[in-house]
Amino acid sequence: MSQIELIDKTKVPQHIAIIMDGNGRWAKQQGENRIYGHYEGVNSVRDVVEGAGQAGVKFITLYAFSTENWNRPKEEVDALMELLVATISMETPQLNKKNVRLQAIGNLNSLPPACLAELNESIDLTANNTGLTLVLALSYSSKWEIISAIKQIANDVKDGKISPDEISEKNIQQYLCTKHIPDPELMIRTSGEHRISNFLLWQLAYAEFYFTDKLWPDFRKADLFEAILNYQNRERRFGKTSEQLTNP
Ligand code: FPP
């Protein structure tokens, strides 16, 4: 039986978030420069997005470029931006063919104008697709997102739109970039690092974490299926006891 057949279709996480890590180390192992690793990483993105659709996942969020990544050497930042533009424009017909809707979260106005224009065009062209939603986290960091949310809440309180008593978990959610997206149930990080690196800090509060030593360019849909199977064998207690879950 193949891994996808082993997946319980009634218990597939509806949202999976992925920290795609290890492109640079993968390239070094091949005796190539870091940028080669990012190019190879695109093949993993394509395969994993296809696998997510096949497994019945509804949302997949990929950490493609963090706020902190702007501090990398200029040639790497430029190459990543070029790669993003090229990939987004090249893959849009395939996204449409596979019924995938593209969305993005992050400080998108800080992206180079050509990158933002390509992104917005692809978001528009795929807006009516009803299958998987692919969310790219670009120029994203969770602390930036939370600070932006706090500023908006403070302004709305100042303008009398809401009262401080109305601030609640549900309400804060409405001020985040992910307001239309359910929280991830599963977060995957590749490359053996065990950190969440400023990624979806609020939204991952109850997510299961799955770490693998595989470097991102080696991670393919079979690895995604393995992560989903691992997730399905976990007991998600949300603060309750195991007994409470079996005898509610
Ligand atoms: C982390 O590896 C990876 C990134 C910062 C970029 C991820 C980008 C891609 C996979 C390509 C484009 C993606 C899309 C969605 C079109 P690293 O460079 O930190 O690797 P290292 O830890 O080995 O140095």
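Residues numbered from 1 in each chain as written. Predicted model: local features only at pLDDT ≥ 70, side-chain atom pairs only at ≥ 80, totals over all residues. Heavy atoms only, no water.

Brief notes about the site of the ligand
So, point 1. Around the ligand, the surrounding shell holds 19 residues, and the nearest of these are Asp21, Gly24, Arg25, Arg34 and Arg72.
So, point 2. For the ligand, an oxygen atom lies 3.0 Å from a polar atom in the side chain of Asp21.
So, point 3. The contact in question runs from an oxygen atom of the ligand to an N or O atom on the backbone of Arg25, over 2.7 Å.
So, point 4. Protein contact buries 92% of the 630 Å² of open area that the ligand shows by itself.
So, point 5. In this structure the site holding the ligand corresponds to the largest pocket.
So, point 6. Elements that contribute at least two residues to the shell around the ligand include exactly helix H2 (23-29), helix H3 (34-55) and helix H4 (74-97).
So, point 7. Of the residues belonging to the shell around the ligand, the class tally is eight nonpolar, seven polar and four charged. (Near = heavy atom within 4 Å. Polar contact = N/O pair within 3.5 Å; in protein donor to acceptor, adjacent residues only side chain to side chain. Areas by Shrake-Rupley, 256 points an atom, 1.4 Å probe, with all protein chains shown as cover. 1 Å grid on protein atoms, 1.4 Å probe; cavity = no way out; pocket = protein on both sides within 12 Å on 5 of 7 lines; lining within 4 Å. Sits in = over half its atoms within 2 Å of the grid points. Helix = DSSP H or I, 4+ residues; strand = E, 2+ residues; numbered from the N terminus. Nonpolar A, V, L, I, M, F, W, Y, C, P; charged D, E, K, R; others polar.)

Observations concerning the layout of surface pockets
Using a probe with the size of a water molecule, rolled over the atoms, empty space left in the structure can be pinpointed.
So, point 1. Approximately 990 Å³ is the volume found for the largest pocket.
So, point 2. In terms of lining, the largest pocket is formed by 42 residues, of which the most central are Met20, Asn23, Val45, Tyr63 and Ala64.
So, point 3. Within the residue set of the lining of the largest pocket, elements represented by two or more residues are H2, H3, strand S2 (59-66), H4 and strand S4 (133-140).
So, point 4. Residue contributions to the lining of the largest pocket peak at nine residues, all from H3.
So, point 5. Of the residues assigned to the lining of the largest pocket, the class counts are 19 nonpolar, ten polar and 13 charged. (Points joined across faces, edges and corners; volume = space filled by probe spheres on them.)

Take it as geometry only, folks, not as evidence of what the structure does.
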